[in-house]
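Structural features, examined
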Amino acid sequence: MAQLSDDCFAFGGPMMSVDKAVGIIAARVEAVRDFETVVLGEADGRILARDIAAPLPLPPFTNSAVDGYAVRAGDLPHGKTSALPVAGRVQAGSRAEAAKPGHAVRIFTGAPMPEGTDTVFMQEDVRIDDQGRVVLPHGLKAGANVRPAGEDIREGQVALKAGQRLRPQDVALAAAFGLTRVDVVRRIRVAVFSTGDELASPGAARESAQLFDSNRFMLTAMLKRLNCEVSDLGILRDERTSLANALKQVAAGNDLILTTGGVSTGEEDHVKAGVESAGTLVLWRMAIKPGRPVAMGIIGGTPFIGLPGNPVASFVTFVHVVRPTVLALSGGPAAPPVALPVRAAFAYRKKAGRREYVRVTLRRADDGVLEAVKFPREGAGLLSSLVDTDGLVELPEIVTRVEPGDSVGFLGYASLI
Ligand code: AMP
Ligand code: MG
């Protein structure tokens, strides 16, 4: 486990910007250094532990990009149609014999270029005359329709970088190199608790003043998308001692402790007191809406994050605090998700100095432009507002108003986790 100092999340200012929070996390959270080897079929989504340099060029040999006839461009007269006798045939997967001088070779896509040829005419562009010769139009550039060895990737080139999160196309590249396994950072272990006397677990009896715990399942699912190994530890009651004990107990076996609920500063917000007795706590008042305070702390050297209980606040702060922490722990990319421009179909007022996220649905307007339609209600407790929308419009700190027709940045839910 990474061991962090007690004051590592301390912050002096009254309000913390999202960028500042991400900066503190990137600077102070230590990456775990344990690697493991996984087969390619298990590599998607994992963080690569070491650079991979190409052990061979791609493509590995020069080959034809089309079905047609391979020739030596120098055999053809300038500016006029020509006809060459055909000698030889080479298909994908078979070895090519050297071409006879002054002859064309029948060739198929992916087949190696016969020695002595450098250009391929597409079969659609030629015909065979009555003497069996292939009639070639003039004007084709030397080297056309050929894929030279190494045109995609040179041998020895670093093609996949340590710290990158492997996507399907990255796994494909490792396979194209003939690799069967890759070294990745081990999964980040996260202990997840919900807190609150008003919560009942789905499947358990629910008292009339209780609601079913939904955040724990949302957070667990989000963590799994980040390839974490999640321990779902249920619900903690609003009581300082049991809360502190539960948190202390999981510190040793986990890289991160995550809770939801109980981090406001009301007298029934017991996470604050529980963490203070189990370890060290700082409250980050983040300049973000929905959000409210996020608790950061260290328990036995393990980072602790306490998210707010309202589902939408929990979701948004997960994206800006938990996601960067998990990525920092795994030595992964720190870059925040990029918002793409869409047209606002709503008006909005906000305070300067705070970043706000508006839940929106996308639709294509009559002129073909993508428009963001705001969810009609704003409460941070409305789970339906996350379920019935496509993503979040991000309104930066400097913005104070949005008018219909303005360009705004859209983050689809899939890009956030
Ligand atoms: P808190 O942050 O504990 O003050 O909770 C704020 C609101 O979020 C309350 O109305 C809670 O009932 C609700 N809430 C807290 N935790 C959860 C949870 N795990 N699932 C669903 N709602 C929750
Ligand atoms: Mg609570």
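In what follows, the accompanying structure is described. (Residues numbered from 1 in each chain as written. Chains lettered and ligands numbered in written order. Predicted model: local features only at pLDDT ≥ 70, side-chain atom pairs only at ≥ 80, totals over all residues. Heavy atoms only, no water.)

Quick look at the site of ligand 1
- Around ligand 1, the surrounding shell holds 13 residues, and the nearest of these are E198, D213, S214, G262 and G309.
- Between ligand 1 and D213 there is a distance of 2.7 Å, counted from a nitrogen atom to a side-chain nitrogen or oxygen.
- A total of 490 Å² of accessible area belongs to ligand 1 in isolation, and the protein chains cover 79% of it.
- The pocket occupied by ligand 1, as judged from atoms lying within 2 Å of grid points, is the second largest pocket.
- In terms of residue class, the shell around ligand 1 is made up of two nonpolar, seven polar and four charged. (Near = heavy atom within 4 Å. Polar contact = N/O pair within 3.5 Å; in protein donor to acceptor, adjacent residues only side chain to side chain. Areas by Shrake-Rupley, 256 points an atom, 1.4 Å probe, with all protein chains shown as cover. 1 Å grid on protein atoms, 1.4 Å probe; cavity = no way out; pocket = protein on both sides within 12 Å on 5 of 7 lines; lining within 4 Å. Sits in = over half its atoms within 2 Å of the grid points. Nonpolar A, V, L, I, M, F, W, Y, C, P; charged D, E, K, R; others polar.)

Some thoughts on the side chain of R106
- As for its position among the elements, R106 is in strand β7 (residues 104-107).
- Although R106 lies buried, it forms no salt bridge, and the closest oppositely charged side chain, D67, sits 6.2 Å away as judged by the N-O distance.
- A polar contact is formed between the side chain of R106 and the backbone oxygen of G68, at a distance of 3.1 Å.
- Setting aside its immediate chain neighbours within four residues, R106 contacts D67, G68, Y69, V86, G88, R89, V90 and Q123. (Helix = DSSP H or I, 4+ residues; strand = E, 2+ residues; numbered from the N terminus. Buried < 20%, exposed > 50% of the residue type's maximum accessible area, 1.4 Å probe, protein only. Lys, Arg positive; Asp, Glu negative; His and termini not counted. Salt bridge = Lys/Arg side-chain N within 4 Å of Asp/Glu carboxyl O. Contact = heavy atoms within 4.5 Å.)

A few points about empty space enclosed by the protein
- Tallied over the full model, the rule gives two cavities of 30 Å³ or more.
- Taken as a whole, the largest cavity holds about 90 Å³ of empty space.
- Forming the walls of the largest cavity are 14 residues, and the residues nearest its centre are G45, I47, L226, N227 and S330.
- Grouping the constituent residues of the lining of the largest cavity by class yields seven nonpolar, three polar and four charged.
- As for the second largest cavity, its lining consists of V71, R72, D75, A99, K100, P101, G102, H103, G116 and T117. (Points joined across faces, edges and corners; volume = space filled by probe spheres on them.)

A closer look at helix α5 (residues 270-278)
- Buried within α5 we find H270, V271, A273, G274, V275 and A278.
- The inward-facing, buried residues of α5 contact β14 (189-195), α4 (240-251), β18 (256-260), β19 (280-284), β21 (294-299) and β22 (302-307).

Here's the deal with the sheet that holds strand β6 (residues 86-90)
- Strand order across the open sheet formed by four strands is β6-β7-β4-β8, with mixed pairing between neighbours. A strand with exactly one partner marks an edge of an open sheet, and here the two such strands are β6 and β8 (119-122). In this sheet, neighbouring strand axes are inclined to one another by 30° on average, regardless of whether the strands run parallel or antiparallel. (Pairing = 2+ DSSP bridges. Axes fitted to C-alpha atoms, helices over the stretch in contact; angles between N-to-C directions.)

A look at the packing of aromatic side chains
- If you walk through the whole model with that rule in mind, you get three aromatic pairs.
- Aromatic side chains F9 and W284 sit 6.0 Å apart centroid to centroid with 80° between the ring planes, which places their arrangement in the edge-to-face category. Within this pair, whereas F9 is found in the segment before α1 (18-28), its partner W284 is found in strand β19, the two being separated by 275 residues in sequence.
- Using a relative accessible area of 2% as the deciding quantity, one classes F9 as buried.
- Relative to Y413, the ring of F315 lies with its centre 5.4 Å away and its plane at 80°, an arrangement referred to as edge-to-face. Residue F315 is located in helix α6 (residues 311-329), and its partner Y413 is located in helix α8 (residues 413-416); the two are separated by 98 residues in the primary sequence. In this pair, the class of F315 matches that of Y413, namely buried.
- If you follow R206 out to its NZ or CZ, it ends over the ring of F212, 6.0 Å from the centre. (Phe/Tyr/Trp six-rings, centres within 6.5 Å; stacked < 30°, edge-to-face > 60°. Lys NZ or Arg CZ within 6 Å of the ring centre and 35° of its normal.)

Overview of the sheet that holds β19
- The strand order β17-β14-β18-β22-β21-β19 describes an open sheet built from six strands, whose pairing is mixed. The open sheet has two edge strands, β17 (229-236) and β19, and neither has a second partner. In this sheet, adjacent strand axes meet at a mean angle of 20° when their direction is disregarded.
- Relative to β18, β14 runs parallel, the two sharing five bridges. Following the sheet pairing, A191 is matched in β18 by I257.
- Across the sheet, α5 touches β14, β18, β19, β21 and β22, and the angle it forms with β19 is around 145°.

Details of the pattern of salt bridges
- All told, the structure shown has 20 salt bridges when counted by the stated rule.
- We note a salt bridge from R186 to D255, for which the minimum N-O separation is 2.9 Å. Within this pair, whereas R186 is found in the loop between β13 (181-185) and β14, its partner D255 is found in the loop between α4 and β18, the two being separated by 69 residues in sequence.
- Note that R343 is salt-bridged to D367, the shortest N-O span being 2.9 Å. On the criterion of sequence distance, the pair formed by R343 in strand β23 (residues 340-344) and D367 in the loop between β25 (355-364) and β26 (370-374) is long-range, its members being 24 residues apart.
- One network of salt bridges, in which partners are shared, links D19, R355, E394 and E397.

Examining unusual backbone geometry
- Residue P59 is bonded to the preceding L58 through a cis peptide linkage, with omega at -10°.
- Within the secondary structure, P59 sits in the loop between β2 (52-53) and β3 (63-64).
- One non-glycine residue, N145, adopts positive backbone phi at about 60°.
- Along the chain, N145 turns up in the loop between β10 (134-136) and β11 (146-147).
- Judged by its relative accessible area of 24%, N145 falls in the partly exposed class.
- Of note in this structure, N227 is not a glycine but carries a positive phi near 65°.
- Note on placement: N227 falls in the loop between α3 (215-225) and β17.

Focus on the nonpolar core
- Counting residues in each nonpolar core, the largest one holds 52 residues, and the members touching the most others are F9, L223, L258, W284, F315 and F318.
- Per element, the largest residue contribution to this core is eleven residues, and it comes from α6.
- Not counting residues within four places of it along the chain, the set of residues in contact with L223 comprises V190, V192, C228, V230, L258, F318, V322 and V326.
- Of all hydrophobic cores here, the second largest spans 18 residues; its members include A191, L236, V271 and I299. (Core = buried A, V, L, I, M, F, W, Y, C linked by side-chain atoms within 4.5 Å.)

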